[in-house]
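# Remarks on the overall topology
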Amino acid sequence: MLTGCGEPPWNNPYPPERAGETVLYGSFGERPKHLDPVRSYSSNEYAFIAQIYEPPLQYHYLKRPYALVPLTAESVPEPRLLDAAGNPLPADAAADVAISEYLVRIRPGIRYQPHPAFARDDAGGYRYHALTPEQAGRLNTLADLPETGSRELTAEDYVYQIKRLAAPWLHSPIAGLMAEHILGFADLSRRLGELAPPAQDGERPFFDLRKVPFDGAEVVDRYSFRVRIQGRYPQFIYWLAMPFFAPMPWEAEALYQQPGMKQSNLTLDWYPVGTGPFMLTENNPNRRMVLSRNPDFHGERYPSEGMPGDAEAGLLDDAGKELPMIDRAVYSLEKEGIPYWNKFLQGYYDSSGISSDAFDQAVQFDAAGQAGLTEAMREKGIELVTAVDTSIMYMGFNMRDPLLGGDSERARLLRQAISIAVDFGEYISIFANGRGVEAQGPVPPGIFGHREGEAGINPAVFRWQHGRPVRRSVDEARALLAEAGYHDGRDPETGRPLTIYYEAMDAGPDGKARLNWMRKQFAKLGIELVVRATDYNRFQEKMRKGTGQVFMWGWNADYPDPENFFFLLYGPNAKVDGGENAANYRNTEFDSLFEQMKNLPDGPARQQIIDRMTTILRQDAPWAFGYYPKSFSLHHRWLDNVKPNLMANNTLKYRALQPEVRARLREAWNPPVLWPIGAAVLLLVLGAVPAMLIARRRERSSAR
């Protein structure tokens, strides 16, 4: 009963003195494995490091299609094209390009967060760079090194990080890709493997990468560096907006790679060092992680331009204000979805995704199929934000298969018939809670090359009726099947139903409904679908060997360029040859157009080629274009400047809060519940009455 003393609400998990602070509250489900930008490549890791590290470029928060803008760079660099002799070529050169040079100029005056790696003693030396193993072994957290320092960001820090990408002992997930594009990258990786001292007792001594020359990335002056790309690779500019290319001060590695530091988790994977608006001030993976405002942040302003409708939505109300707009972000560990959802409804988390279990409680669809909030959510002032993801889920046909593959008219008609019969609109409704849009081609909305409306439909599968695409009928699919020689879905040679094998990675109990649904889709055509369910590793092996027939897979954009989707169907990129073309599709005209398109700038010429490539794919049908997933998220009325940006990860700095509104509503939504105390007291009294009666009876009996 004493725990109820104090000001209501009594169940508030946060200290009352924090009520008026601009602290954003969120959660995480598991500890991020890598906070070192050389190795990190997952969304739960980017949620933290993208707020800490600053690559040269970033995506404009509000503009669509996604547009690159400077972050630490003075401008978005344009490539300088050179031939094999080093002579400059015009910007529109289509051939003879041997080298593309990107000169990146960063802004002076940017400083790193306060950190022990920069601390110096009275003599000017680094205070913590010469710790003994015994001293390092006594450290528990970074706070045990109390002195901190800072310094200015330089071009050398960016070059140092690019060299780290090539370091074989760091196992960067993009090292293989960069070896194909950055000049001399593979050779640098080999030399580093030979020059660097070996690991001792599981810890690798510090090796100063500044001493190793590298033609692919070199310092021009204090604020400029140059990256050389082999041939043309226009998509490289997008990598300059990813944490892989964020700066790394050599002092951080010198500190963390001292003997004894790793055993206390004093590494870049636990304690990042950046120039961004936030720094990680608490890393307790069993409880919470805290990002706090970087006191040395160089400053940035909220964008003053957006898209039509942004101003009306209040997304430009803070135009020109200094970033970041919150002081801290506290992320608590939540392994279970139901407690997290309940805390969101109580106002103790500021935003939330929507799990399948909570979907009907939060979202309802109107007669036109548009998603909206339920009455209970609207009464709380909760707001819904939706966005079509820059990704695609598709059904692939193995083009090496003797039945479904090849470029014969028979196989093409069979694939087209199946593409019509498998109703992904129904799939979205049943299995995705309506969170998806039927795909008409490989390029999702928000990416250059995607077309909306009637001009963007796939005429092989849909008709345009009443202002929207309508899937062609099963009768039309059966007619195509008959034209292919399979009347009523039967093999003309045996007279038996056509049998097709479906490679599934939905082996668990939750996947049974989806697999049964898929069987029914093929059964519409009289085709017998045999499901071969397996785990993901075995599924991948089948894809690599090209032994499957039909499969479902997906792709999420690395960067907002159509090349990142069309390359999934580029012939030389076949899965059996080690690429990502899981359908093993090859079309000479398509491949030729892809090679032209990938190096062109966005514009009418590129759009024309994309339209032709899309037409070829719709006719050949190596994929049944499934759907573009759609993300749904909720946030409370006190959280401002919320706009989905599926390319940018550094969006925390744009968020704004109204803590007074939050505190008031939390108190209103969580009044103290007193009746259990009264009930407990009543039960105690009632329970004591029989005892009192018995005691009184005994007293009277003794008196007699």
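In the block above lies the structure referred to throughout.
One structure accompanies this document, and this report is about it. (Residues numbered from 1 in each chain as written. Predicted model: local features only at pLDDT ≥ 70, side-chain atom pairs only at ≥ 80, totals over all residues. Heavy atoms only, no water.)

### Some remarks on the overall build of the protein
When its secondary structure is counted, the protein shows 20 helices and 26 strands. In terms of overall dimensions, the protein has C-alpha extents of about 110 × 80 × 55 Å along its principal axes. By residue count, 51% of the 704 residues in the protein fall in the buried class. Here the analysis covers contacts within the protein between residues at least 6 apart in sequence; of these, 70% occur between residues at least 24 apart. Taking the average location of the 78 positive side-chain charges in the protein and that of its 88 negative ones, the two points are 5 Å from each other. (Helix = DSSP H or I, 4+ residues; strand = E, 2+ residues; numbered from the N terminus. Buried < 20%, exposed > 50% of the residue type's maximum accessible area, 1.4 Å probe, protein only. Contact = heavy atoms within 4.5 Å. Lys, Arg positive; Asp, Glu negative; His and termini not counted. Charge placed at Lys NZ, Arg CZ, Asp CG, Glu CD.)

### With respect to the side chain of arginine 64
With respect to the helices and strands, arginine 64 occurs in the loop between strand S2 (57-59) and strand S3 (68-70). A polar contact is formed between the side chain of arginine 64 and the backbone oxygen of proline 644, at a distance of 2.4 Å. With sequence-adjacent residues up to four places away left out, arginine 64 is seen in contact with Met307, Lys643, Pro644 and Asn645. (Polar contact = N/O pair within 3.5 Å; in protein donor to acceptor, adjacent residues only side chain to side chain.)

### Focus: empty space enclosed by the protein
According to the stated counting rule, one finds 3 cavities of 30 Å³ or more in the structure shown. Here the largest cavity is characterised by a volume of approximately 110 Å³. Listing elements by their share of the lining of the largest cavity, those giving two or more residues are helix H18 (604-620) and strand S24 (623-635). If you tally residues by element for the lining of the largest cavity, the top one is S24, at 3 residues. For the lining of the largest cavity, a count of residues per class yields 10 nonpolar, 2 polar and 2 charged. As a volume, the second largest cavity reaches approximately 40 Å³. As for the second largest cavity, its lining consists of Arg164, Ala167, Trp169, Leu170, Pro205, Phe207, Leu209, Glu253 and Gln257. Here the lining of the second largest cavity is composed, by residue class, of 6 nonpolar, 1 polar and 2 charged. (1 Å grid on protein atoms, 1.4 Å probe; cavity = no way out; pocket = protein on both sides within 12 Å on 5 of 7 lines; lining within 4 Å. Points joined across faces, edges and corners; volume = space filled by probe spheres on them. Nonpolar A, V, L, I, M, F, W, Y, C, P; charged D, E, K, R; others polar.)

### Focus: the pairing of strand S5 (residues 99-105)
Taking burial as the measure, the 7 residues of S5 include 5 buried ones, the bulk of the element. Here S5 pairs with strand S7 (residues 224-230) via 7 bridges, running antiparallel. Counterpart to serine 100 in the pairing with S7 is isoleucine 229. (Pairing = 2+ DSSP bridges.)

### Quick word on the pattern of salt bridges
Taken as a whole and assessed by the stated rule, the structure comprises 40 salt bridges. A salt bridge links arginine 151 to aspartate 157; the nearest nitrogen and oxygen atoms lie 2.8 Å apart. For aspartate 157, a relative accessible area of 2% corresponds to the buried category. Its salt-bridge partner being arginine 190, residue aspartate 187 comes within 2.5 Å of it at the nearest N-O pair. Separated by 3 residues within a single helix, aspartate 187 and arginine 190 lie in helix H5 (residues 185-195), roughly one turn from each other. Judged by relative accessible area, which is 35%, aspartate 187 ranks as partly exposed. In the salt-bridge network here, residues are joined through shared partners; they are Arg80, Glu101, Glu218, Arg226 and Arg228. (Salt bridge = Lys/Arg side-chain N within 4 Å of Asp/Glu carboxyl O.)

### Remarks on the sheet that holds S7
One open sheet holds the 4 strands; their spatial order is S4-S5-S7-S6, and the pairing between them is antiparallel. The sheet is open, and its two edges are formed by strand S4 (80-82) and strand S6 (217-221), each paired on a single side. The average undirected angle you get between the axes of adjacent strands in this sheet is 25 degrees. As paired strands, S4 and S5 are joined by 3 bridges and run antiparallel to one another. Within the sheet, the bridge partner assigned to leucine 82 lies in S5 and is isoleucine 99. Packing of helix H3 (residues 155-166) onto the sheet brings it into contact with S6 and S7, and relative to S6 it is tilted by some 175 degrees. (Axes fitted to C-alpha atoms, helices over the stretch in contact; angles between N-to-C directions.)

### A closer look at the sheet that holds strand S12 (residues 328-333)
Judged by pairing direction, the sheet is mixed, and its 4 strands sit side by side in the order S1-S12-S9-S8 without closing on themselves. The outermost strands of the open sheet, each flanked by one partner alone, are strand S1 (23-28) and strand S8 (278-284). Shown here is a sheet whose adjacent strand axes are inclined to one another by a mean of 20 degrees, direction ignored. As judged from the 6 bridges shared by S8 and strand S9 (residues 288-293), these two strands associate in the antiparallel manner. Across the sheet, the residue bridging to methionine 279 is serine 292, located in S9.

### Some remarks on the side chain of threonine 267
Mapped onto the elements of the fold, threonine 267 is located in the loop between helix H7 (250-256) and S8. We classify threonine 267 as buried; its relative accessible area is 18%. What threonine 267 contacts, discounting residues up to four positions off in sequence, is Tyr256 and Lys262.

### Brief notes about helix H12 (residues 424-431)
For H12, every residue scored as buried is listed here: Phe424, Tyr427 and Ile428. Looking straight down H12, one finds its buried side chains confined to an arc of 100 degrees; they lie on one side. In this fold, the buried residues of H12 make contact with strand S17 (391-397), strand S18 (436-438), strand S20 (468-471), helix H14 (512-523), strand S23 (550-556) and S24. Downstream of H12 by one or two residues, asparagine 433 has phi in the positive range, about 55 degrees. (Arc of directions from axis to C-beta.)

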